[in-house]
Amino acid sequence: NQPAESSNETSNQFLQQRKITMQRTPSGETVIVPRNFKLLEELEHSEKGLGDMAISYGLVDSGDTFLTNWNGGILGPPGTQHDSRFYELRIHCGERYPAAPPDVRFVSRINMACVDQKNWSRFTQQIARNS
């Protein structure tokens, strides 16, 4: 048996790793939000045009009941080297999403340090370290 302090520390570490999927109820209980609930919420935001209008995303196939494969687009911010450029992306939300980041691949060519120039995918390790 682990001492209570060590067990609580392990529980807290687990909860920190899952913070994206956790929500507190008004009574203070912590619940894990199922993957599809989170993805349905994101799809609804996209369809209603909520958030930054320079970013768009949606399902590749509207019949994808598991909400796995997405298209995305980013309009480059004004006053930067990406000004007025449109970058197309493919996003794959795996079974562990949102606890694990999605796989993101640029369809459009882009020159950024966080994007692998061989296969146009982002470096997941770098993203995970920065989140």
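The rules behind each value
Within each chain, residue numbers correspond to sequence positions counted from 1 in written order. At least 70 in pLDDT is required for a residue's local features to be given in this predicted model, at least 80 for side-chain atom pairs to be given and counted, and no such filter applies to totals for whole chains, interfaces and linings, which use all residues. With hydrogens and water set aside, each side-chain value is computed from the structure's full complement of heavy atoms. One side-chain nitrogen of Lys or Arg within 4 Å of one carboxyl oxygen of Asp or Glu is enough to make a salt bridge. The way it works is that DSSP assigns letters per residue, a run of H or I at least four long becomes a helix, a run of E at least two long becomes a strand, and they are numbered from the N terminus. A simple rule labels every residue: compare its accessible area, found with a 1.4 Å probe on the protein chains alone, to the largest value its type can have, and call it buried under 20%, exposed over 50%, or partly exposed in between. Only rings of Phe, Tyr and Trp enter the pairing, Trp through its six-membered ring, and a pair is recorded when the two centres are within 6.5 Å. The plane angle decides the type: under 30 degrees is stacked, over 60 is edge-to-face, the rest tilted.

Draft legend 1. Summary view of the pattern of salt bridges. Scanning the model with the defined rule gives 3 salt bridges in all. Lys38 is the salt-bridge partner of Glu42, the closest N and O atoms lying 3.7 Å from each other. Highlighted residues: Glu42 and Lys38, both in helix 2 (residues 35-48), separated by 4 residues, approximately one helical turn. Note that Arg90 and Glu88 form a salt bridge whose closest N and O atoms lie 2.9 Å from each other. By relative accessible area, which is 35% here, Arg90 ends up partly exposed.

Draft legend 2. Structural view of the packing of aromatic side chains. Summed over all chains, the structure comprises 1 aromatic pair. The interplanar angle of 45° and the centroid separation of 6.1 Å between the aromatic rings of Tyr57 and Trp70 together place this pair among those described as tilted. With Tyr57 in strand 3 (residues 55-59) and Trp70 in strand 4 (residues 69-75), the pair connects residues that are 13 residues apart, well separated along the chain. By relative accessible area, Tyr57 is classed as partly exposed at 28%.

Draft legend 3. Just unusual backbone geometry, in detail. Put simply, Tyr97 and Pro98 share a cis peptide bond, and its omega is 5°. The phi torsion at Leu67 lies on the positive side, around 55°, for a residue other than glycine. In this fold, Leu67 is placed in the loop between strand 3 and strand 4. A residue is classified by how much of its surface remains accessible, and Leu67, at 4% relative accessible area, is buried. A positive phi angle, near 65°, is found at Ser84, a position not held by glycine. When you line up the elements, Ser84 lands in the loop between strand 4 and strand 5 (86-92). Exposure remark for Ser84: the relative accessible area of 62% places this residue in the exposed category.

Treat this as a map of the structure, not an account of what it does.
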